[in-house]
Amino acid sequence: MAFTCATGKHRRPGRMRRTSARAASIAALTTTGVIGTVASGSALAAEPTPSVEQTGLVPVVTVGDSVAAQIDDQAAAQQQAAQEAAELKKAAAVAAAKVEEEREARARAAREAERKRLNAFVSPISGSYVSTSYKSGGSLWSSGSHTGIDFHASSGTTVHAVGLGTVVEAGWGGSYGNEVVIRMNDGTYTQYGHLSSIGVSVGDKVTPGQKIGVSGATGNVTGPHLHFEARTSAEYGSDIDPVAYLRKHGVNV
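Calculation rules
- Residues numbered from 1 in each chain as written.
- Predicted model: local features only at pLDDT ≥ 70, side-chain atom pairs only at ≥ 80, totals over all residues.
- Heavy atoms only, no water.
- Helix = DSSP H or I, 4+ residues; strand = E, 2+ residues; numbered from the N terminus.
- Buried < 20%, exposed > 50% of the residue type's maximum accessible area, 1.4 Å probe, protein only.
- Contact = heavy atoms within 4.5 Å.
- Areas by Shrake-Rupley, 256 points an atom, 1.4 Å probe, with all protein chains shown as cover.
- Core = buried A, V, L, I, M, F, W, Y, C linked by side-chain atoms within 4.5 Å.
- Phe/Tyr/Trp six-rings, centres within 6.5 Å; stacked < 30°, edge-to-face > 60°.
- Salt bridge = Lys/Arg side-chain N within 4 Å of Asp/Glu carboxyl O.
- Polar contact = N/O pair within 3.5 Å; in protein donor to acceptor, adjacent residues only side chain to side chain.
- Pairing = 2+ DSSP bridges.

### Observations concerning the overall build of the protein
Here's step 1: Along the backbone of the protein there are five helices and 10 strands.
Here's step 2: Residues counted as buried form 26% of the 253 residues belonging to the protein.
Here's step 3: Sequence separation of 24 or more characterises 59% of the internal contacts of the protein that already satisfy a separation of 6 or more.
Here's step 4: When the accessible surface of the protein is summed, it comes to about 15,900 Å², and 57% of that surface belongs to carbon and sulfur atoms.

### Regarding the nonpolar core
Here's step 1: Val180, Ile182, Tyr192 and Ile212 are the most contacted members of the largest nonpolar core, which has 25 residues in total.
Here's step 2: For this core, the secondary-structure elements that each account for two or more residues are strand S2 (149-152), strand S5 (178-184), strand S6 (189-198), strand S9 (225-231) and helix H5 (242-248).
Here's step 3: When residues no more than four places from it in sequence are discounted, the contact partners of isoleucine 212 are Val159, His160, Ala161, Val180, Ile182, Tyr192, Ile198, Gly199, Val200 and Val206.

### As for the packing of aromatic side chains
Here's step 1: Scanning all chains against the criterion turns up three aromatic pairs.
Here's step 2: Ring plane angle 70° and centroid distance 6.4 Å describe the contact between phenylalanine 151 and phenylalanine 228, whose orientation is recorded as edge-to-face. Note that phenylalanine 151 is positioned in strand S2 and phenylalanine 228 in strand S9, a separation of 77 residues in sequence. Grouping residues by exposure puts phenylalanine 151 and phenylalanine 228 together as buried.
Here's step 3: The interplanar angle of 65° and the centroid separation of 5.5 Å between the aromatic rings of tyrosine 192 and phenylalanine 228 together place this pair among those described as edge-to-face. Of this pair, tyrosine 192 sits in strand S6 while phenylalanine 228 is found in strand S9, placing the two residues 36 residues apart along the sequence.

### As for the environment of glutamate 235
Here's step 1: Within the element layout of this structure, glutamate 235 appears in the loop between S9 and strand S10 (239-240).
Here's step 2: Exposure remark for glutamate 235: the relative accessible area of 52% places this residue in the exposed category.
Here's step 3: The spacing of glutamate 235 and valine 181 is 54 residues in sequence and 9.5 Å in space, taken between C-alpha atoms.

### What to know about the pattern of salt bridges
Here's step 1: According to the stated counting rule, one finds five salt bridges in the structure shown.
Here's step 2: Residue glutamate 114 pairs with arginine 117 through a salt bridge whose shortest N-O separation is 2.9 Å. Here glutamate 114 and its partner arginine 117 are both found in helix H4 (residues 57-119), three residues apart, which amounts to about one turn of the helix.
Here's step 3: Its relative accessible area of 35% is what places arginine 117 among the partly exposed residues.
Here's step 4: The salt bridge partner of lysine 135 is aspartate 239, with a shortest N-O separation of 3.6 Å. Remark: aspartate 239 occurs in strand S10 and lysine 135 occurs in the loop between strand S1 (130-132) and S2; sequence separation between them is 104 residues.
Here's step 5: Given the relative accessible area of 46%, lysine 135 is considered partly exposed.

### Thoughts on the side chain of serine 145
Here's step 1: For serine 145, the position within the fold is in the loop between S1 and S2.
Here's step 2: Dropping the residues within four chain positions of it, serine 145 is found in contact with Lys135, Ser136 and Gly137.

### Focus: the environment of isoleucine 149
Here's step 1: Inspection of the secondary structure assignment puts isoleucine 149 in strand S2.
Here's step 2: With a relative accessible area of 0%, isoleucine 149 lands in the buried category.
Here's step 3: Measuring from C-alpha to C-alpha, the distance between isoleucine 149 and tyrosine 129 comes to 9.9 Å, with 20 residues separating the pair along the chain.
Here's step 4: Not counting the four nearest positions on each side in its chain, isoleucine 149 is found in contact with Val130, Thr132, Ser133, Tyr134, Leu226, His227, Phe228, Pro242 and Val243.

### Description of the side chain of threonine 147
Here's step 1: In this fold, threonine 147 is placed in the loop between S1 and S2.
Here's step 2: Residue classification places threonine 147 among the buried positions, given a relative accessible area of 8%.
Here's step 3: Separated by 3.4 Å, the side chains of threonine 147 and tyrosine 176 make a polar contact.
Here's step 4: A polar contact is formed between the side chain of threonine 147 and the side chain of glutamate 229, at a distance of 2.5 Å.

### With respect to the pairing of strand S4 (residues 165-172)
Here's step 1: As judged from the seven bridges shared by S4 and S5, these two strands associate in the antiparallel manner. Bridge pairing in S5 links valine 167 to isoleucine 182.
Here's step 2: The turn joining S4 and S5, which pair antiparallel and follow one another in sequence, is formed by five residues; a positive phi near 70° is taken by glycine 174.
Here's step 3: Note: S4 against strand S7 (residues 205-206), two bridges, orientation antiparallel.

Structure below.
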């Protein structure tokens, strides 16, 4: 029988070829996530583990871990930045609310102060005193008695509106000389006589302490002073006690 020499095409692959093929298979399984666990001592377990240079798997995993760590760090930084921004926004809102609250408190205080000022009464002549009292008798008055009170004042002394009101008369008033009559906000009237000059006109709104003229000696007088009356109407003869009227409104006379 004739024998044919072996050609070598069925020879077992060398170690390098086997290792390379195995490494390629492991890489493919890793990519697809199908790597299983071989529990028994198989041909794979018998072979040495492919080197880093042969497979390139370890560098790939290492780069993946590094990228994941960077992503985690970036996410944490973004979360921290978002939290800080939210805290800053909240602090700004609290500060703005406090500023607005303080502004409103100042506005309320200003309105209250203005309300009190407008509702207050003052003396028609600052730092003066009553030189002739109410209902004093004598021939100097056509009615037989004094219908108001006189405040001591030299000519040119500032005369003030005693409270909030509207001017209803401003001009010559006969025996009263130059006079101003104001309808007060409470419905009463006040009159200021013997002025040397008048600083308001009919229809003007006046406030407590506002200058309405200056004292003088016009009309039926014996010398300069301010004649002041409190009335229930704008007309002569409706007079009430001016001292009691001013004291009722907090003016010390």
